[in-house]
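Chain residues, written in single-letter form:
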Amino acid sequence: MANKETVSPPPFRLPDRFEFLNKTLAGGQAFVYLCRDKFLDRQVALKAPKSPITEGAVRKELAILSGLKSKHVTQVYDVLEDKKSGHFAIVEEFVPGPTLEEYVERTNIQKEDFLRILYQLACALSDIHAAGKVHRDVTPRNVKFDAESVLKILDFGLSSVARPEGVTPQARGTPGFVGPEFYGSLPAHFSAAADVYGFGATAWFMALNGVLPPSLLEVPPQSLTAAPSFSTAGMSLPIEIVEVLNATLLPNPSRRPHAPCVRDTLKRHLLFGRHRATIHYEGKTYVLSDQGKAARLPAGNDTITVKYSGLAFVVAAVTGDVYINNNPAKADDILPDACVITLGAPPLKQARKFVPVNMSHPEVVL
Amino acid sequence: MIQQIHKAGEILIGRYQVKRFLAEGGMQEVYVAVDLSFNREVALKVPKHPSAEKRFARSARMSAKVIHANVAQTLDYFSEGGRDHLIEELIQGSNLQDRLDNEFDYLDPHLAAHLIHHLIRAIAVCHRVNVFHRDLKPSNIMVSMDHSMSFMKVTDFGIAKMAAQEIANNVKSDSISASRTVLGAIPYMAPEVVRREKGAGLPADIWSVGALLYRLMSGKTPFGEGLAAVETILKCQLPPKPLMFSGRGQFTGLVDELWEIVTACLRTDPGARPTADQLIKTCSALCYSDASRRAGIVTSYRRGSGDWGFIHADAGDDVFFHSDSYYGPKPEERKRVCFACCTGSPSHRAHPVLPLKPLLISQAADAAWVADPTGP
């Protein structure tokens with residue numbers, strides 16, 4: 001189902017600034033002509049409606065894109081409009097690709113890649129939703145990578161400004177990637193949760209190398225069989241990830257997680273095993289960073305053992321009087337990002353031992 | 001005052017309406033304009049001298065090839081009234097030089113690591129398409145207004161070649177009237193750029209990264225300021241490790257890793273410096289706190305018997321800190337600081353804590369008013 005590529009030139013005269021590079025892609029609502037901007041010597045995408053009927057969709061996309069600031073959304077450079085001939089087109093950043101659909105076709109996606117791509121997609125949706133917009137057609141075909149492998153979400157042709165009472169006169173979108181709420185008696189209600197469903201379906205598309213679980217293709221989706229659990233996706237995903245991904249495909253839109261919640265869960269797991277705790281104990285500095293390793297801090301009968309779980313530093317055992325930021329420490333407590341561990345009961349005053357511990361981790365910059 | 005090229009209200013090519021003058025560099029004037037086709041604000045840049053236009057055009061084409069979240073986006077380029085104009089994304093923030101002049105004497109290793117990590121990503125994407133900046137310095141780096149400088153973007157690619165020429169002229173003629181642009185650029189210039197060697201290229205940017213990291217963490221440029229730095233740079237002798245890099249307490253580890261980056265970037269032989277891609281690997285592995293930061297004033301230090309005190313935060317609450325988390329000389333009462341805040345009881349806990357320059361009087365009055373809601 002890859003986009004059809006042709007060499008047909010635009011049906012109108014281009015301003016001198018642009019040179020057509022003999023490559024045209026057909027999207028749902030528009031043709032995209034690859035051009036060179038002679039002033040800035042760079043490639044740009046010139047997007048024109050397929051027909052007067054789809055012009056509204058392209059104009060809507062323009063309105064949405066120009067009000068959105070996100071590294072995962074393409075930049076609009078210009079609008080070409082000829083009042084006399086009625087021709088209308090937008091000039092935007094050219095994203096070379098591949099699309100996520102093409103990428104899945106040619107790659108056997110492994111867990112790390114899977115999490116990174118989904119993290120970027122969750123970031124994109126979080127940005128879009130934070131701006132009060134909804135994409136409405138989140139599919140692997142509308143997701144593309146730029147030359148730096150930064151994920152971009154394209155084709156806002158179906159998108160709309162999110163309104164609590166938002167209704168769409170007709171259910172459109174890509175079968176398999178739209179939730180059951182679009183199959184009820186029209187008009188269908190939609191919200192940011194529709195994008196989260198598309199996200200979940202896209203996750204399955206990646207996990208299953210380009211196909212969807214049959215339950216998502218039922219009409220309406222999941223009417224006979226519930227969506228499978230991501231625990232069966234064959235990548236031994238952590239339970240927390242499985243749970244949040246499963247929730248994205250819940251038939252009831254109001255029970256699906258918000259995009260930022262999905263994003264933050266994925267981010268936590270991208271940092272698995274990469275945290276570092278700096279412990280300042282008796283004039284020396286110790287670093288705890290190996291997953292599964294523990295540090296035992298003794299002071300007479302008062303001891304605490306802190307273990308790195310891969311996601312956090314957790315209290316494994318406590319004996320005697322031990323406090324974390326003045327709260328009594330107990331097993332399974334998670335250390336805050338900066339804390340002091342106090343060994344010894346308060347009456348000991350200065351005889352107590354104070355151990356500052358600080359956590360840090362690499363910054364996720366994709 | 002010199003006449004500015006454009007006046008507010010002017011409309012260029014029927015599309016860009018000049019809103020206000022923003023700033024000027026050695027080579028160009030910068031305005032805020034409204035792009036009337038999208039009703040969005042953009043930055044409008046105009047070269048000051050027609051002789052600079054060829055370079056201006058080339059610089060625009062170079063930066064237009066780079067599309068990245070850490071690089072200011074080139075949007076348009078046109079001629080009007082016999083002058084070339086460049087339209088760039090308008091960045092909400094200020095340049096890093098202004099922040100160093102008004103807010104920070106230096107940065108703690110966490111904040112410095114965050115900025116260098118983003119900077120090196122911007123440089124790597126440029127180097128991959130064989131574009132190099134030539135003039136990396138704090139005034140070409142735009143940062144968001146928050147104390148954590150959560151996002152940053154690099155601007156003004158390639159304009160620098162002009163600056164390099166100007167400095168050469170200055171050195172030759174022993175001129176003491178070098179422009180502010182040149183004086184600002186010299187401390188970050190690689191020796192091969194100062195010498196105007198033909199082969200100067202990508203590694204010159206890497207040198208600048210090293211000099212910048214040194215400046216951010218120590219408060220001083222590695223080879224001195226202004227024209228006097230030229231001689232020291234040409235000697236290529238790495239300055240001794242500043243005290244700030246012999247990190248104490250909670251900063252050990254990270255400061256050592258950052259110092260290694262500085263020394264690798266400041267290698268005399270351009271070929272011996274790491275590439276931007278190698279530095280991305282290094283920076284991706286650095287552990288630092290990128291938590292958002294708050295500001296406040298140290299209200300008590302060593303009033304008890306330990307090495308700890310409290311910060312009265314601008315939001316009104318008191319936050320505990322330990323001197324091991326304080327980057328800089330001994331904490332002083334009344335000192336303004338910014339810090340990341342972690343949950344604690346009965347008070348939250350600050351780490352890391354970075355001293356700030358005192359507020360200007362008008363800002364101080366604002367802060368005092370915010371800090372004490374029962375006040376006037």
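Residues numbered from 1 in each chain as written. Chains lettered and ligands numbered in written order. Predicted model: local features only at pLDDT ≥ 70, side-chain atom pairs only at ≥ 80, totals over all residues. Heavy atoms only, no water.

A count of helices and strands for chain B gives 11 helices and 14 strands. Counting across all 376 residues of chain B, residues that qualify as buried make up 57%. Across chain B, the fraction of contacts at a sequence separation of at least 24, relative to all contacts at a separation of at least 6, is 63%. (Helix = DSSP H or I, 4+ residues; strand = E, 2+ residues; numbered from the N terminus. Buried < 20%, exposed > 50% of the residue type's maximum accessible area, 1.4 Å probe, protein only. Contact = heavy atoms within 4.5 Å.)

A separate point is the packing of helix 7 (residues 202–218) of chain B against helix 9 (residues 254–265) of chain B. For any two helices packed against each other, the geometry comes down to the angle between their axes and how far apart the axes lie. All names here are of chain B. For the pair helix 7 and helix 9, interaxial distance at closest approach is 7 Å and the crossing angle is 140°. It follows from the interaxial angle that helix 7 and helix 9 lie oblique. You can see that helix 7 and helix 9 cross each other, and the crossing is left-handed. Residues Ile-206, Trp-207, Gly-210, Leu-213, Tyr-214 and Met-217 of helix 7 lie in contact with helix 9, whose contacting residues are Val-255, Leu-258, Trp-259, Ile-261, Val-262 and Cys-265. Across the contact of helix 7 with helix 9, the residue classes break down as 11 nonpolar, 1 polar and no charged. (Axes fitted to C-alpha atoms, helices over the stretch in contact; angles between N-to-C directions. Parallel < 35°, antiparallel > 145°, perpendicular 65-115°, else oblique. Left-handed = near helix turned anticlockwise from the far one by under 90°. Nonpolar A, V, L, I, M, F, W, Y, C, P; charged D, E, K, R; others polar.)

Another aspect to go through is the nonpolar core. Within the largest apolar cluster, 71 residues are counted, with the highest numbers of intra-cluster contacts made by Phe-104, Leu-107, Leu-119, Ile-120 and Leu-258 of chain B. Ignoring any residue separated from it by four or fewer positions in sequence, one finds Phe-104 of chain B in contact with Arg-99, Leu-111, His-147, Met-149, Cys-338, Leu-354, Leu-356 and Lys-357 of chain B. (Core = buried A, V, L, I, M, F, W, Y, C linked by side-chain atoms within 4.5 Å.)

What follows deals with the interface of chain B and chain A. The interface of chain B with chain A comprises 46 residues on the first partner and 41 residues on the second. Roughly 3800 Å² is buried in total at the junction of chain B and chain A, and carbon and sulfur atoms are behind 48% of that figure. Here chain B is connected to chain A by 6 salt bridges. Linking Glu-257 of chain B and Arg-276 of chain A is a salt bridge whose minimum nitrogen-to-oxygen distance equals 3.1 Å. The interface formed by chain B and chain A contains 18 residue pairs in polar contact (both at pLDDT 80 or more). Among the secondary structure elements, those contributing two or more residues to the side of chain B that touches chain A are helix 1 (53–64), strand 5 (74–80), helix 3 (109–128), helix 9, helix 10 (276–285) and strand 14 (348–355) of chain B. (Buried area = accessible area lost by both parts, 1.4 Å probe. Salt bridge = Lys/Arg side-chain N within 4 Å of Asp/Glu carboxyl O. Polar contact = N/O pair within 3.5 Å; in protein donor to acceptor, adjacent residues only side chain to side chain.)

The subject of this paragraph is the pairing of strand 5 (residues 76–82) of chain A. Residues and elements named next belong to chain A. Within strand 5, 5 of the 7 residues are buried, which leaves the element mostly enclosed by the surrounding structure. One ladder, built from 6 bridges, connects strand 5 with strand 6 (residues 87–93); its direction is antiparallel. Residue pairing across strands places Leu-80 opposite Ala-89, the latter belonging to strand 6. Linkage of strand 5 to strand 6, two consecutive antiparallel strands, is achieved through a turn of 4 residues, within which Gly-86 is found at a positive phi near 80°. (Pairing = 2+ DSSP bridges.)

All names here are of chain A. Summarising the sheet, strand 1 (residues 5–6) and strand 2 (residues 18–26) pair through 2 bridges and their orientation is antiparallel. Note on strand 2: the bridge partner recorded for Glu-5 is Leu-25. Sheet topology note: the strand 2/strand 3 (residues 30–37) ladder contains 6 bridges and is antiparallel. The residue bridging Phe-18 from the neighbouring strand is Asp-37, located in strand 3. Hairpin connection, strand 2 to strand 3: the antiparallel pair is bridged by 3 residues.

Right, let's talk about the confidence of the model for chain A for a bit. All names here are of chain A. Summing up the model confidence of chain A, the mean pLDDT is 89 and the portion of residues at 70 or higher is 93%. Mean pLDDT across the secondary structure elements of chain A bottoms out at strand 11 (residues 167–168), with 50, and peaks at helix 6 (residues 239–248), with 98. The low-confidence segment residues 162–166, where pLDDT is below 50, has 7 contacts with residues more than four positions distant or belonging to other chains. (pLDDT = per-residue confidence, 0-100.)

Okay, the packing of helix 3 (residues 111–130) of chain A against helix 7 (residues 259–270) of chain A next. Residue and element names in this part refer to chain A. Orientation of helix 3 relative to helix 7, taken along the N-to-C sense of each, is 150°, at an axis distance of 8 Å. Considering the angle they form, helix 3 stands roughly antiparallel to helix 7. Helix 7 is crossed by helix 3, and the crossing has left-handed handedness. Within the contact between the two elements, helix 3 uses Glu-112, Leu-115, Arg-116, Leu-118, Tyr-119, Ala-122, Cys-123, Leu-125, Ser-126 and His-129 and helix 7 uses Ala-259, Pro-260, Val-262, Arg-263, Leu-266, Lys-267 and Leu-270. Considering only residue class, the contact of helix 3 with helix 7 consists of 11 nonpolar, 2 polar and 4 charged.

Read across the sheet, 6 strands follow the order 1-2-3-4-6-5 (chain B) without closing on themselves; strand pairing throughout is antiparallel. Of all the strands in the sheet, the pair left with one neighbour each is strand 1 (11–12) and strand 5 of chain B.

All names here are of chain B. Over its 20 residues, helix 3 runs 28 Å from end to end, which matches the ideal 28 Å to within 8%, given 1.5 Å per residue. For helix 3, a buried count of 19 out of 20 residues is recorded, marking the element as mostly surrounded by other parts of the structure. Measuring from the backbone nitrogen of His-110 back to the side-chain oxygen at the start of helix 3 gives 3.0 Å, which picks out Asp-108 as the cap. Remark: Asn-130 follows helix 3 within two positions and exhibits a positive phi of approximately 65°. (Expected span 1.5 Å × (residues − 1).)

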